[in-house]
Structures are given as C-alpha cells and as structure tokens.
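A look at the structure
Listed below, chain by chain, are the residues.
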Amino acid sequence: MAVKDEIEARLTEAFGPTALEVINESHRHQGHAGDDGSGESHFRVVIRAPAFATMTRIARHRAVQGALGDLNQRIHAIALDIG
C-alpha cells in the first residue's frame, strides 16, 4: 500500500474526518535532505474533524502523530494543517 493511502486510512480510522487531503510533495524535495528516492518522503496533510474541537494546537499535532504511529519513521517530513 502506498504511504499516502496508509496515512489516509489511519487518519480516517482515528478521527472520522469531515475533510481529509493528503498531498505527496516528495517531487518538490528531490535531491534534498531526506529524499530517499522512493517518491514517498514528504507529505502535506489537511484534516478537519470534530475530535479536534477541544484540543490545543499541540494536542492536535500529537494526536495526528500518534495515529500515524510507525509511519513517522518512514516519512521524512509531514506538514500538518489541522482543524
């Protein structure tokens, strides 16, 4: 399964988002630090879910990182837009 698909599946299961967009930006980082040549090293995630309503910004980020689990070891960079 592609990393993008794994991110979508894990976040959907964890938060039941009303909106979720996972964008693979690896092509923008070719040849830079963290580019492992897989084409799956850099991502941007836009997620909206009621579960985040009572969380602080830091708690939201920690919750998303927790839901991603071991994927954090396989992804060099992930930009998060959480609401």
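In this report, we go over the structure that sits alongside the text. (Residues numbered from 1 in each chain as written. Predicted model: local features only at pLDDT ≥ 70, side-chain atom pairs only at ≥ 80, totals over all residues. Heavy atoms only, no water.)

1. Focus on the nonpolar core
- With 16 residues, the main nonpolar core has Ile7, Leu11, Phe15, Val45, Ile47, Phe52 and Val64 as its most contacted residues.
- Listing elements by their share of this core, those giving two or more residues are helix H1 (3-15), strand E2 (42-48), helix H2 (57-68) and strand E3 (77-82).
- Residues within four places of leucine 11 in sequence aside, it is in contact with Gly16, Pro17, Leu20, Val45, Ile47, Val64, Ala67 and Leu68. (Core = buried A, V, L, I, M, F, W, Y, C linked by side-chain atoms within 4.5 Å. Buried < 20%, exposed > 50% of the residue type's maximum accessible area, 1.4 Å probe, protein only. Helix = DSSP H or I, 4+ residues; strand = E, 2+ residues; numbered from the N terminus. Contact = heavy atoms within 4.5 Å.)

2. Looking at the packing of aromatic side chains
- What the rule picks out here adds up to one aromatic pair.
- Aromatic pair phenylalanine 15 and phenylalanine 52: ring centres 4.7 Å apart, planes at 40°, arrangement tilted. Here phenylalanine 15, found in helix H1, pairs with phenylalanine 52, found in the loop between E2 and H2; they are 37 residues apart in sequence, far enough to count as distant. (Phe/Tyr/Trp six-rings, centres within 6.5 Å; stacked < 30°, edge-to-face > 60°.)

3. Examining the pattern of salt bridges
- Under the defined criterion, the tally for this structure stands at six salt bridges.
- Where glutamate 8 meets lysine 4, a salt bridge forms, and the shortest distance between an N and an O atom there is 3.0 Å. Of this pair, glutamate 8 and lysine 4 both sit in helix H1, four residues apart, roughly one helical turn.
- Taking the relative accessible area as the measure of exposure, glutamate 8 reaches 24% and is therefore partly exposed.
- Residue lysine 4 is classed as partly exposed on the basis of its relative accessible area, which comes to 30%.
- Put simply, arginine 48 and aspartate 81 hold a salt bridge, and the shortest N to O gap is 3.1 Å. A residue pair is termed long-range when its members are at least 10 positions apart, and arginine 48 in strand E2 and aspartate 81 in strand E3 qualify at 33 residues.
- Judged by its relative accessible area of 30%, arginine 48 is partly exposed. (Salt bridge = Lys/Arg side-chain N within 4 Å of Asp/Glu carboxyl O.)

4. Some details on the packing of H1 against H2
- Orientation of H1 relative to H2, taken along the N-to-C sense of each, is 120°, at an axis distance of 9 Å. One element, H1, and the other, H2, form an angle in the oblique class. The hand of the H1/H2 crossing is right-handed. Across the interface between the two elements, Ile7, Arg10, Leu11, Ala14 and Phe15 from H1 touch Ala63, Val64, Ala67 and Leu68 from H2.
- Looking at side-chain class alone, the contact of H1 with H2 contains eight nonpolar, no polar and one charged residues. (Axes fitted to C-alpha atoms, helices over the stretch in contact; angles between N-to-C directions. Parallel < 35°, antiparallel > 145°, perpendicular 65-115°, else oblique. Left-handed = near helix turned anticlockwise from the far one by under 90°. Nonpolar A, V, L, I, M, F, W, Y, C, P; charged D, E, K, R; others polar.)

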